[in-house]
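Residues per chain, in single letters:
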Amino acid sequence: MRHVTQWLRSTHSLVPNKTKRSRSVCEAFGLWGLHIIPTQTWTTVRSVRWTPPRAGQWKLNVDGASQGNPGSSGGGGILRDSTGCILFAFSNFYNIQTNTVAEAMAIRDGLFLCEEQNITNIVLESDSKVLVDMLRADSCPHWRLKNIWADIMRCRGRITTITHQFREGNQTADALAAHGVRSRRRTVFSFWQDMPLEARGAHRLERLGIPSLRIHRTPLPASPRQWRIAWRRSRVVTIGR
């Protein structure tokens, strides 16, 4: 019992700063006289929807998926005009990659298809904040992306705008990327009827402008007074008879 108590003491010192403190975890520590403060969260809900580009522009939505990160990965994308009509969509398999590499490969493959059809005035939209920031800064600090980045930069002149979109507003590309992982092959779709069922449904909802809900929970820091009270209570460990 003494060894267990000492171990709980040392573990308790790590809990407040290292992990989310659910109420059940706090109650478990409380049985040993180790009082910690449950994590309080602030929940925000916002509507997210896909928006078409302006007349004369094309919007390329891309996404990457990796099962395991790294693991079996794929990428997908779709190019649409200002009315939401599809020019092409693609779904590719990328073997074993990380999420960031799969996302970059999806951007490259989408730009290659645009280059083949001589398409310019592209609005590139991705749910990867890391890659969006890298493209806006025209710099790539990741050495693993060196060759992929060189291909993207070759087509950089075709992009007029780079935007970040939450996953809830990028569901068609997300469905195409997931299909690439499952099918384990490379496919280009010229008509929406040829796309996978999940991608077709997501495209219809996005074209109609139906929003999705994004729920975000932000941990709230405890006040210094709460930390002092918890620390004083934890210094005395009592074991029931």
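Look up a bit, the structure's there.
A brief report on the enclosed structure follows. All figures in this text were calculated on a predicted structure; none of them were measured in a lab. (Residues numbered from 1 in each chain as written. Predicted model: local features only at pLDDT ≥ 70, side-chain atom pairs only at ≥ 80, totals over all residues. Heavy atoms only, no water.)

### Some words on the packing of aromatic side chains
By the definition in use, this model includes zero aromatic pairs. Against the face of W50 rests R80, its NZ or CZ located 4.1 Å from the ring centre. (Phe/Tyr/Trp six-rings, centres within 6.5 Å; stacked < 30°, edge-to-face > 60°. Lys NZ or Arg CZ within 6 Å of the ring centre and 35° of its normal.)

### Comments concerning the pattern of salt bridges
Tallying each qualifying case throughout the model produces 10 salt bridges. Across the pair E125 and K59 runs a salt bridge, and its minimum N-O distance is 3.1 Å. Of this pair, E125 sits in strand 5 (residues 122–126) while K59 sits in strand 2 (residues 58–67), and the two are 66 residues apart along the sequence. Residue classification places E125 among the buried positions, given a relative accessible area of 4%. Overall, the relative accessible area of 4% leaves K59 in the buried class. (Salt bridge = Lys/Arg side-chain N within 4 Å of Asp/Glu carboxyl O. Helix = DSSP H or I, 4+ residues; strand = E, 2+ residues; numbered from the N terminus. Buried < 20%, exposed > 50% of the residue type's maximum accessible area, 1.4 Å probe, protein only.)

### Considerations on the pairing of strand 5
Remark: a regular strand shows side chains that alternate across the two faces of the sheet. Within strand 5, five of the five residues are buried, which leaves the element mostly enclosed by the surrounding structure. Residues I122, L124 and S126 point to one face of strand 5 and V123 and E125 to the other, with burial holding for every one of them. As judged from the five bridges shared by strand 2 and strand 5, these two strands associate in the parallel manner. Bridge assignment links N61 to a residue of strand 5, and that residue is E125. Sheet analysis places strand 5 next to strand 6 (residues 159–164), joined by five bridges and oriented parallel. By the bridge assignment for strand 6, V123 is matched with T161. (Pairing = 2+ DSSP bridges.)

### Topic: the pairing of strand 3 (residues 71–80)
Buried residues dominate strand 3, accounting for nine of its 10 residues. The pairing of strand 2 with strand 3 spans nine bridges and is antiparallel. Its bridge partner lying in strand 3, D63 is registered against G76. Between the end of strand 2 and the start of strand 3, which pair antiparallel, lie three residues, with G68 showing a positive phi angle near 120°. Across nine bridges, the pairing between strand 3 and strand 4 (residues 86–97) is antiparallel. Its bridge partner lying in strand 4, G75 is registered against N92. The antiparallel pairing of strand 3 with strand 4 creates a hairpin that spans five residues between the two strands, and G84 there sits at a positive phi of about 90°.

### A short note on the sheet that holds strand 7 (residues 187–189)
In space, the six strands of this open sheet follow the order 6-5-2-3-4-7, with mixed pairing throughout. Pairing within the sheet leaves two strands with one partner each, and these edge strands are strand 6 and strand 7. Strand-to-strand twist across the sheet, computed as the mean angle between neighbouring axes with direction ignored, equals 20°. On the sheet, helix 4 (residues 99–116) packs against strand 2, strand 3, strand 4, strand 5, strand 6 and strand 7 and is oriented at approximately 145° with respect to strand 4. Along the sheet face, helix 5 (residues 129–137) touches strand 5 and strand 6 and points at about 145° away from the line of strand 6. (Axes fitted to C-alpha atoms, helices over the stretch in contact; angles between N-to-C directions. Contact = heavy atoms within 4.5 Å.)

### Re helix 4
With 18 residues, helix 4 ought to run about 26 Å at 1.5 Å a step, and its terminal C-alpha atoms sit 26 Å apart, in line with that. When you tally the buried positions in helix 4, you get 13 out of 18 residues, the bulk of the element. Positioned one or two residues after helix 4, N118 has a phi angle of 55°, which is positive. (Expected span 1.5 Å × (residues − 1).)

### Overview of the nonpolar core
Counting 29 residues, the largest nonpolar core has L60, I107 and L111 as the members making the most contacts within it. Taken together, the elements giving at least two residues each to this core come down to strand 2, strand 4, helix 4, strand 5, helix 5, helix 6 (146–154) and strand 6. It is helix 4 that provides the largest number of residues to this core, a total of nine residues. Ignoring any residue separated from it by four or fewer positions in sequence, one finds I107 in contact with V62, L124, L131, L135 and I152. Residues I78, A89, F189 and M195 belong to the second largest nonpolar core, which totals seven residues. (Core = buried A, V, L, I, M, F, W, Y, C linked by side-chain atoms within 4.5 Å.)

Bear in mind that shape data such as this cannot, by itself, settle questions of function.
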